[in-house]
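# Observations on chain architecture
Chain residues, written in single-letter form:
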Amino acid sequence: MSRVPISTYRLQIRAGFDLGAAARVTDYLASLGVDWAYLSPLLAAEPGSDHGYDVVDPSRVDPERGGAEGLERFAAAARAAGLGILVDIVPNHMGVATPRNNAWWWDVLARGRASRFAEAFDIDWDFGEGRIRIPVLGGDDDLDALTIETGPDGAPELAYVDHRFPIAAGTADGTPRDVHDRQHYELIDWRRADDELNYRRFFAVNSLAAIRVELPRVFEESHGEIARWVREGLADGIRVDHPDGLADPGGYLDALAAATGGAYVLVEKILEGDEELPPFWATDGTTGYDALADVDRVLVDPLGRHALDELDTRLRGRSQPVDWATLIHRTKRAIADGILHSEVLRLERVTPDPNAQTADALAELLACFPVYRSYLPTGVEHLAAAGDLARRHRPELADELDRLQWLASDPTTELAVRFQQTSGMVMAKGVEDTAFYRYSRLPSLTEVGADPSEFSIGVGEFHRRQGMRQASFPRSQTTLSTHDTKRGEDTRARIAVLAEVPERWEQTLGRLRELAPIGDGPFENLLWGSAIGAWPLSRDRLHAYAEKASREAGDSTTWTEPAEEFEERMHAAVDAAFDDERVAGTIAGFVDSVAQPGWSNALAAKLIQLTAPGVPDVYQGSELWETSLVDPDNRRPVDFDERRLYLAAIDAGAHPPIDETGAAKLLVVSRALRLRRDRPELFTRYIALPALGERARHVVAFDRGGAITVATRLPAGLADAGGWGDTTIVLPRGPLVDVFTGVRHAGGETPLAELLARYPVSLLAPADADGR
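To start, this report covers the structure provided alongside it. Owing to the predicted nature of the structure, the values given are computational and were not obtained by experimental measurement.

### Here we look at the side chain of Arg492
In this fold, Arg492 is placed in helix α18 (residues 489-495). In this structure Arg492 comes out as buried when scored by relative accessible area, which is 1%. Within polar-contact distance, the side chain of Arg492 engages the backbone oxygen of Arg487 at 2.8 Å. Among all residues touching Arg492, those that are not within four sequence positions of it are Leu292, Asp296, Ser444, Glu447, Leu480, Thr485 and Arg487.

So, in structure tokens, the structure goes:
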């Protein structure tokens, strides 16, 4: 049986923090209480890549990340510290930004269909008339700017600006344009990619070309090194990035299990609503975005929904609140008609007997698809739901929609396979990367894996969901922050307070809009709400966030056609937050009013996540306050020396205050992780614990089989009400010890004012299990 982690700690491995640097913090991770180190992708990636998801050579560990020797040293250090190792892998695509760096891609460009790697990439050769279309030109006239250069191996290469491409044997004579016209690739205007691209990508990223791991040879050549890591004890488990892009995710996971001897495997799978993982997948669970949504929403006050809805409606100049389903249908359809239209047209080409309505109907089905994808025959009901909705939206397409729904329901057809691969692309780009930036009534709700239309959940519903996780996928990962989250966990924790003080927030936002007008109300709500959550932050960070968020939203400006006047106002508003005393004072005053309840939410969220069912992950550095914004902000370097010092002080007996240092969070994280690691028998079940009294709605409490979590919720309202009053919680009979404070409790009916006298959270264990 494979090893299973009790907890994980994600490390972003890159040139600036390579495997050698990671090896040097393994002792710190062990002292923190971590069970497994969790590494970002390690295979050779595009030089300079900070994330590693653009693999160019699957046969070796990236030299910039430490190489094979670096992995061996890291593994030795991890084993010496008692840590297991989980590694992230990328089976869906490869990096092709610099063709020479990717031997597979270079060979295909040089040899075309005759290349032994031609089948590895998902290329529609017939549509390209035997050539791969590469969208790098600033305009089609730029073909006249091509030159012939000598490559590092002495062979001639076709050059365009800083791009270099191979020249097929025997075709180097004539003008550069003549040479280009004889190649197995065609350089085209980058704008033509939306309609004319003929290779599948990761979403709409032209520099990430999809590969066909469903073919045994491609799987073996792309996974041989990964299998070696597991076989030689360099890794214990695998995290699979973006399985939804694969032709057959279930078959892939079976092949991965066979190659790794059934190692622990997680899948980066986003579940919508009540959707569940396919039961036949060879996986231990997801990477935890579903858990993130649960934890966030149980800490949001449902009483704030109406006021925030009304504010959002006024900001939009509407009479009725925006409908989430209507919004995402519009954004998904725009993606299907825009940056992913080439994928829709490829679906049209593999549809039997296409007609004038086929592409339009396919795009409508994709826009109406309710989840990321199906796994036929599992999930055929989602296709039926999409068909029903599409017919309501476009009754004139009913007959073609009926035909396409029937064709796409047959898993043996190419249309069905490709439709399933494409629906997830449209969902990700239309929802996460567009609608999330337009739907701003409470910015913390627009998070990866979450449904922003679900404003909050009650404690009872939260308990139900955790009980389901314990019963179904108890080895699934849970998380609050990742390299992909739109905001760090503690940024969201502070933003959640806005639901408790919506009137104050409306007044503050109004003042900011008056002093530093931008001219886009929903975006201003998003920008200033996110800034409040992450404050204090640097000018550069806020400028970068404002630019990315506004262009992703696409309402007032875009990436391809920036609106100069709008962006000038936007950046002036950001500067005003630092240069205008009135703006800075407005921000500081509001932050001061929500800082303490925000920190209370942060501690509550972290304790719940670390002790609830599943395998909790701690994203690098988030044992102190994690106030990041969207990437690349959430991939900044971590000061491990600072964290070592704080942990040493806590271990020496310090009880840190809840303040800007975040040391109180480190106390919570270290004690919870140590208790889970050292006393796993205390975490074997899930039972909700009742609270009694007038403030009972302000607590989340559960018993994991001996370890008991008690966490404050809705802290601003609790403070306004004068505290806990006579509210009690019924605990198992003691003696029990709070592992954060060392205070002992007899159990039974216990006043929350007593239990939570020092911190807004408590982790209780049998008195002989003090995890300090």
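### Considering the sheet that holds strand β23 (residues 728-731)
Taken in spatial order, the three strands of this open sheet run β20-β23-β26, and their pairing is antiparallel. Strands at the two margins of the open sheet, each flanked by one partner only, are β20 (691-692) and β26 (748-751). Where β20 lies against β23, two bridges are found, and the strand directions are antiparallel. When the sheet's bridge partners are listed, Leu692 is paired in β23 with Thr728.

### Topic: helix α11 (residues 324-337)
In a regular helix each residue adds 1.5 Å, so 14 residues correspond to 20 Å; α11 covers 20 Å between its end C-alpha atoms and thus fits that length. Looking at the packing, one finds that the buried side of α11 touches α12 (341-349), α13 (358-368), α14 (380-393) and α16 (414-432).

### Points about the pairing of strand β14 (residues 237-240)
Every regular strand shows the same layout, with side chains that alternate between the two sheet faces. Both faces of β14 are covered, namely the face carrying Gly237 and Arg239 and the face carrying Ile238 and Val240. For β14 and strand β15 (residues 264-267), the ladder comprises four bridges, and the chain directions are parallel. Bridging from a neighbouring strand, Gly237 pairs with Tyr264 of β15.

### Let's talk about the sheet that holds strand β13 (residues 205-210)
With antiparallel pairing, the three strands of this open sheet are ordered in space as β6-β13-β12. Single-partner strands in this sheet number two, and they are β6 (93-95) and β12 (201-202). Two strands pair when backbone bridges link them, and β6 and β13 are joined in this way by three bridges, in the antiparallel orientation. Bridge pairing in β13 places Met94 opposite Ala209.

Quick notes on the rules
Residues numbered from 1 in each chain as written. Predicted model: local features only at pLDDT ≥ 70, side-chain atom pairs only at ≥ 80, totals over all residues. Heavy atoms only, no water. Helix = DSSP H or I, 4+ residues; strand = E, 2+ residues; numbered from the N terminus. Buried < 20%, exposed > 50% of the residue type's maximum accessible area, 1.4 Å probe, protein only. Polar contact = N/O pair within 3.5 Å; in protein donor to acceptor, adjacent residues only side chain to side chain. Contact = heavy atoms within 4.5 Å. Pairing = 2+ DSSP bridges. Expected span 1.5 Å × (residues − 1).

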